[in-house]
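Per-entry structural report
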Amino acid sequence: MPIDPADIRRAISDADDFGHEMRVRNLLEVTPAINFEHGGTYKDPITGKPRQFDFRCSLRKQNALLSLAVECKNLSVESPLVISGTWRRNEEAFHDLIESRTGRFESGSMVFVGLSSTTHRSQGGDSFYGPKKFVGKSLLRVKMSKNAPVASPDSDIYHRWSQALASGIDLASEACELSMKLHSPHVFSAILPVVVVANGSLWTVVYDDKGDMLDEPKTAKSCELYVGHSLRLRQEPKAFSHQFTFSHVHFFTLSGFDSFLDRMVTNDKAWAVLFNTDAREYR
């Protein structure tokens, strides 16, 4: 039998990723001061092949630029994402900024005049990711199988957050040159990989150091997964190359992402914590 429009509507009504993308886009369109691209390609930093991103978003305040590499996945509440984790250790409580700058700078005995960049790291209580707070360590999908719930890893979720990370790496390379592009002597960039899922489809489970579950699983609107992914941002001369680390990937539901965007637009304290430009240089 040929498929008719009603069949297609029924098949994709709960699993249509593009419909979910458009709901994410609507949040971005109604948030003041957010600029975004919906769809586009970049060169994968590992394979060199072109890859597509869902969204790239930016929010600028004076010489500070927040960039979000956003991927979307329309999970159902019947097959949610469960993020298991524990309390964040001190060595995991950090975030990096990229400073793009134009002028005269020194590295050891070398002097460089012109465009360069460096990393600034905020740690511990000064970080956007405070110590002793919940942090995700493991991702599972829960699905019904023979009338019983079964938890298992999900390759599609891994693909989404790894793609958000790859898109973020591309943005990090671009951030090194923003001083020249934005005609500013100093531009500080925070780059956050983000995955947005449907409302009601994100759960968290907290474990103690002995591996015991501390409480019942709970629904969540947001959660950070620790990834600690480092890369070397190369410059000429090589003495000015510097390390940059993505410490976390953010997971949000639609409503959680809406709250996060509003927080970054309106909450000056949260913005100041993210853009601690007095943080030490880190190479």
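Attention in this report is confined to the structure presented alongside it. (Residues numbered from 1 in each chain as written. Predicted model: local features only at pLDDT ≥ 70, side-chain atom pairs only at ≥ 80, totals over all residues. Heavy atoms only, no water.)

What to know about the overall build of the protein chain
Scanning the protein chain from terminus to terminus reveals six helices and 14 strands. Seen through its principal axes, the protein chain has C-alpha atoms that stretch 70 × 50 × 40 Å. Considering only residue pairs separated by 6 or more positions, the protein chain has 71% of its internal contacts joining residues 24 or more positions apart. Looking at the protein chain as shown, the accessible area adds up to about 14600 Å², and 52% of this sits on carbon and sulfur atoms. Across the protein chain, the 34 positively charged side chains and the 35 negatively charged ones have centroids separated by 3 Å. (Helix = DSSP H or I, 4+ residues; strand = E, 2+ residues; numbered from the N terminus. Contact = heavy atoms within 4.5 Å. Areas by Shrake-Rupley, 256 points an atom, 1.4 Å probe, with all protein chains shown as cover. Lys, Arg positive; Asp, Glu negative; His and termini not counted. Charge placed at Lys NZ, Arg CZ, Asp CG, Glu CD.)

Re the pattern of salt bridges
All told, the structure shown has 18 salt bridges when counted by the stated rule. In this structure, arginine 56 and aspartate 170 form a salt bridge, with 2.9 Å as the shortest nitrogen-oxygen distance. Taken together, the positions of arginine 56 in strand β2 (residues 50-61) and aspartate 170 in helix α3 (residues 155-175) put the pair 114 residues apart, joining distant regions of the chain. Take arginine 56: its relative accessible area is 8%, and that puts it in the buried class. Between lysine 218 and aspartate 215 there is a salt bridge; the shortest N-O distance is 2.5 Å. Salt bridges sharing common partners tie together Asp17, Asp54, Lys73, Asp156 and Arg160. (Salt bridge = Lys/Arg side-chain N within 4 Å of Asp/Glu carboxyl O. Buried < 20%, exposed > 50% of the residue type's maximum accessible area, 1.4 Å probe, protein only.)

Description of empty space enclosed by the protein
In the structure shown here, the tally under the stated rule is one cavity of 30 Å³ or more. For the largest cavity, the calculated volume is near 80 Å³. Every residue along the wall of the largest cavity is listed here: His95, Asp96, Tyr129, Ala190, Ile191, Leu192, Phe244, Thr245, Phe246, Ser247, His248 and Leu274. Of all the elements in the fold, those that place two or more residues in the lining of the largest cavity are β5 (94-107), β9 (186-197) and β13 (242-253). In the lining of the largest cavity, the residues fall into seven nonpolar, four polar and one charged. (1 Å grid on protein atoms, 1.4 Å probe; cavity = no way out; pocket = protein on both sides within 12 Å on 5 of 7 lines; lining within 4 Å. Points joined across faces, edges and corners; volume = space filled by probe spheres on them. Nonpolar A, V, L, I, M, F, W, Y, C, P; charged D, E, K, R; others polar.)

A closer look at helix α5 (residues 254-266)
End to end, α5 covers 18 Å across 13 residues, agreeing with the expected 18 Å (1.5 Å per residue, within 8%). Those residues of α5 that fall on the buried side of the exposure criterion are Leu254, Gly256, Phe257, Phe260, Leu261, Met264 and Val265. Along its buried surface, α5 packs onto α2 (17-30), β2, β3 (64-73), β9, β13 and α6 (268-274). (Expected span 1.5 Å × (residues − 1).)

Considerations on the layout of surface pockets
To find leftover empty space, a probe the size of one water molecule is rolled over the atoms. As a volume, the largest pocket reaches approximately 320 Å³. Where the lining of the largest pocket is concerned, the elements lending two or more residues are β1 (35-43), β2, β3, α3 and α4 (178-181). In terms of residue count, β2 provides more of the lining of the largest pocket than any other element does, four residues in total. In the lining of the largest pocket, the residues fall into seven nonpolar, four polar and five charged. By volume, the second largest pocket is sized at about 270 Å³. What lines the second largest pocket is a set of 16 residues, among which Arg88, Phe128, Gly130, Lys133 and Glu224 lie closest to the centre. Broken down by secondary-structure element, the contributors of at least two residues to the lining of the second largest pocket are β12 (222-233) and α6.

Structural notes on the pairing of β1
In this structure, β1 lies alongside β2, joined through eight bridges in antiparallel fashion. Note on β2: the bridge partner recorded for threonine 41 is glutamine 52. The turn joining β1 and β2, which pair antiparallel and follow one another in sequence, is formed by six residues; a positive phi near 80° is taken by glycine 48. (Pairing = 2+ DSSP bridges.)

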